[in-house]
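Geometric and topological summary
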Amino acid sequence: MTQRHAQLVGVGESQYTRWGKIGDVTEHALACQAIQRAVADAGLSLDDVDGLASFAEDRNEAVFLAAELGLPALRFANMVWMPGGGGGCAAVSNAAMAVETGQAEVVVVYRSLCQGQFFRFGSAGVDASAPAPANPKPPTVQQANSLLLASLGFAMPFGLLMAAAAYALPTRRHMHLYGTTSKQLGMLAVTFREHASRNPRAVMGGRPMTLEDHQASPMIADPHRLFDCCLESDGACAVVVTTAERARDLAARPIEILASEQGAPKGYAFGPFSNANVADEIYATGGGEEMAKRLWAKAGLGPADVDVAQLYDHFTGCVLMQLEDYGFCERGEGGSFIESGALSWHGGSLPTNTHGGSLSEAYIHGLNHVVEGVRALRGDSTSPVENAEVCLVTSAACVPSSAVLLGRK
Amino acid sequence: MSQRFFPDGMPPPLADAISLPWWEAAAEHRLVVQRCTSCETTRHPPAPVCPECRSADSDWNELSGRGQVYTYTIVHRPIAAGQELPFVIAVIALEGAGGLRMISNLVEVKPDRIEIGLAVELVWEDMSPDLAIPRFRPVER
């Protein structure tokens, strides 16, 4: 068990919308707004902030945000490697390491996404409706200008670019091995939608969903129906990390970072996008089993100690596999665990994604799950879990990922 | 030229000096995998060092092109203009490659016939005189 000292003391966000709906505010202005709100929530001033932390696929460089926000000094600026979704908790961990080792005193972790101003994630950057060029050149091998592109060179020619298709591959195998069903995945989506219906921030708050709706939603990449896929959203959020000493003087109840972990199993690369050759035993998993063991050991806690969880939900099947990775149920039993009603805020044994998650609140690369983790332990969630003291937050699955365990003293 | 399954506008292979020989072999309709000449472990995609023994020495081992469906997804959204839908992305466990798998497509198959474990064989699609893509179809059609 490792002693940690860093605390989460503030959370904030902009308005969350469907992708492309925020066109009049730039993505970096939205980041500034979320950072300002999180700092105000902490009872701090921007003059107190001396560090910024983010994770891959961020278009909003810390040095520019620091200048725009007038930070007196940027002592710590740090970013986690790809993939974007996997780094949210790792960025919190980096902020914690910074304040614990005196590199900075108040570090803000942020994420801002305005997909309409850049490109929509679900399109994978291609436009199949675009007219073919008048004089097309014959297709040929092109130079890969990065290791990422060289790796994706063995996926893209087969049409594997879309996340819904990539993550369908391990999920389909899980169904084959364990009999997991689309209806079980649908029950998870319906539960998160119920949580969103109670959350005024949630993009899908006013759009109730039944299991029948899920089953009737169009097939995107079998077994992923539309409602198995996360939202594509515009919005920004931020969290503030500082030392225990500094946290003691602040108005809000600090939330402790009990433990954090980051990583990927051997050969994982970019998961199903790049590498079909991970060990057979871990192909139909979220890839987080070893990481979870390290996390529990660091905190001196186990799955039974978790009162509420915010699990990265890019796709329903990836949440199901995380439930198994983290030991909330046995391998292969994620489907029946969901069927038991375990994930519901109201009486479930593991209330999960009490904000509605990326499936129903907003897709902010999972940093909104950290925000909700703090709210859940403060007692501020719109789907509160009484006396919750320990919250697990994860970032991504089936690709390199990270996780934090949060606690309330 | 072979039968065509996908339009010209599909994303082209992107390769560097490590992976280019794989595509050069493909252009000659040879499905190869990189093999460590020190410990004989095969690997894919191609990489500079053997992940098992860390030797940098390797050669290319030609495969039979037979295999089994390890997992798959039936995709209902196009990647390129003019693409027939749905199309099938599959992970193929390659025969004679020590359990090695590759991402590819299933062609000449009705979606309801696809299952994990389905025996498949290689079929080359010549996208141009310089580019051939290995796809797979059921052995029993």
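Residues numbered from 1 in each chain as written. Chains lettered and ligands numbered in written order. Predicted model: local features only at pLDDT ≥ 70, side-chain atom pairs only at ≥ 80, totals over all residues. Heavy atoms only, no water.

1. Focus: the overall build of chain B
We count it as follows: Secondary structure elements are taken from DSSP: a helix is a run of H or I of four residues or more, a strand is a run of E of two residues or more, and numbering for both begins at the N terminus. Each radius of gyration is computed over the set of C-alpha atoms, and the globule rule expresses the reference value as 2.2 Å times the number of residues to the power 0.38. Here the Shrake-Rupley method, with its probe set to 1.4 Å, supplies the accessible areas, and only the displayed protein chains count as covering residues. The convention is simple: Lys and Arg are positive, Asp and Glu are negative, and His and the chain ends are not counted. For charged residues, the charge sits on one atom: NZ in Lys, CZ in Arg, CG in Asp, CD in Glu.
Counting secondary structure elements, chain B contains one helix and nine strands. Listing the helices and strands of chain B from first to last along the sequence gives β-α-β-β-β-β-β-β-β-β. Taking 2.2 N^0.38 as the reference for a compact globule, 141 residues should give roughly 14 Å; the C-alpha atoms of chain B span a radius of gyration of 15 Å, in line with that estimate. The C-alpha extent of chain B, read off along each of the three principal axes, is 45 × 30 × 25 Å. Element-wise, carbon and sulfur atoms account for 46% of the exposed surface of chain B, whose accessible area totals about 6100 Å². Positive and negative side-chain charges of chain B, numbering 13 and 19 respectively, have mean locations separated by a distance of 5 Å.

2. A few points about the interface of chain B and chain A
To keep it simple, the criterion reads: Between two residues, a contact is recorded if the distance between any of their heavy atoms is within 4.5 Å. Defined here as a combined quantity, buried area equals the accessible surface (1.4 Å probe) lost by two parts on assembly, summed across both. Salt bridges are counted wherever a side-chain nitrogen of Lys or Arg sits within 4 Å of a carboxyl oxygen of Asp or Glu. Throughout this description, a polar contact denotes any pair of N or O atoms lying within 3.5 Å of each other; where both atoms belong to protein, one of them has to be capable of donating a hydrogen while the other can accept it, and for residues adjacent in sequence the pair is counted only when both atoms sit in side chains. Throughout this entry, Asp, Glu, Lys and Arg are counted as charged residues, while Ala, Val, Leu, Ile, Met, Phe, Trp, Tyr, Cys and Pro are counted as nonpolar. The remaining residues, Gly among them, count as polar. Criterion used throughout: strands pair if DSSP finds at least two bridges between them.
With 47 residues of chain B at the contact, the number on the chain A side is 43 residues. In total, about 4000 Å² of surface goes out of reach between chain B and chain A, with carbon and sulfur atoms giving 66% of it. Summed over the shared surface of chain B and chain A, the result is one salt bridge. The closest approach of N and O atoms between E52 of chain B and K266 of chain A, which form a salt bridge, is 3.0 Å. At the boundary of chain B with chain A, the tally comes to 18 residue pairs in polar contact (both at pLDDT 80 or more). At the level of elements, strand 1 (14-15), helix 1 (20-27), strand 5 (66-75), strand 6 (87-94), strand 7 (101-106), strand 8 (119-128) and strand 9 (131-138) of chain B are the ones that each hand at least two residues to the side of chain B that touches chain A. Considering each element in turn, the side of chain B that touches chain A owes the most residues, six residues, to strand 5 of chain B. Partitioned by chemical class, the residues of the side of chain B that touches chain A number 31 nonpolar, nine polar and seven charged. Two strands pair when backbone bridges link them, and strand 6 (residues 142-143) of chain A and strand 1 of chain B are joined in this way by two bridges, in the parallel orientation. Looking at the pairing, Q142 of chain A lines up with L14 of chain B of strand 1 of chain B.

3. A short note on the pattern of salt bridges
Residues and elements named next belong to chain A. Applicable threshold: Only protein chains enter the accessibility calculation, which uses a 1.4 Å probe. A residue is then buried if its area is under 20% of the maximum for its type, exposed if over 50%, and partly exposed in between.
Counted according to the given criterion, the structure contains 25 salt bridges over all chains. The shortest N-O distance in the salt bridge between K298 and E261 comes to 2.8 Å. With a gap of 37 residues between them, K298 in helix 11 (residues 289-299) and E261 in strand 10 (residues 255-263) connect regions that are remote in the sequence. Classification of K298 by relative accessible area gives partly exposed; the value is 29%. You can call E261 buried: its relative accessible area is 11%. Beyond isolated ion pairs, a larger network of salt bridges with shared partners links E13, R201, E361 and R375.

4. Some remarks on the domain arrangement of chain B
Residues and elements named next belong to chain B. What counts is decided by this rule: All the domain ranges listed were derived from an automatic or database domain assignment.
Under the domain assignment used here, chain B contains domain 1 (14-62) and domain 2 (64-141). Using only C-alpha atoms to locate each centre, domain 1 and domain 2 end up separated by 21 Å. Each partner contributes to the interface: domain 1 provides 13 residues, whereas domain 2 provides 17 residues. Summed over both partners, the interface of domain 1 with domain 2 comes to about 1000 Å²; 72% of that surface belongs to carbon and sulfur atoms.

5. Description of the sheet that holds strand 3 (residues 42-43) of chain B
Residue and element names in this part refer to chain B. Spatial strand order, 3-2-4: three strands in an open sheet with antiparallel pairing. Whereas interior strands pair on both sides, the edge strands pair on one side only; in this sheet they are strand 3 and strand 4 (58-62). Looking at chain direction, strand 2 (residues 32-36) and strand 4 are connected through five bridges and run antiparallel. Opposite C36, over in strand 4, you have S58 as the bridge partner.

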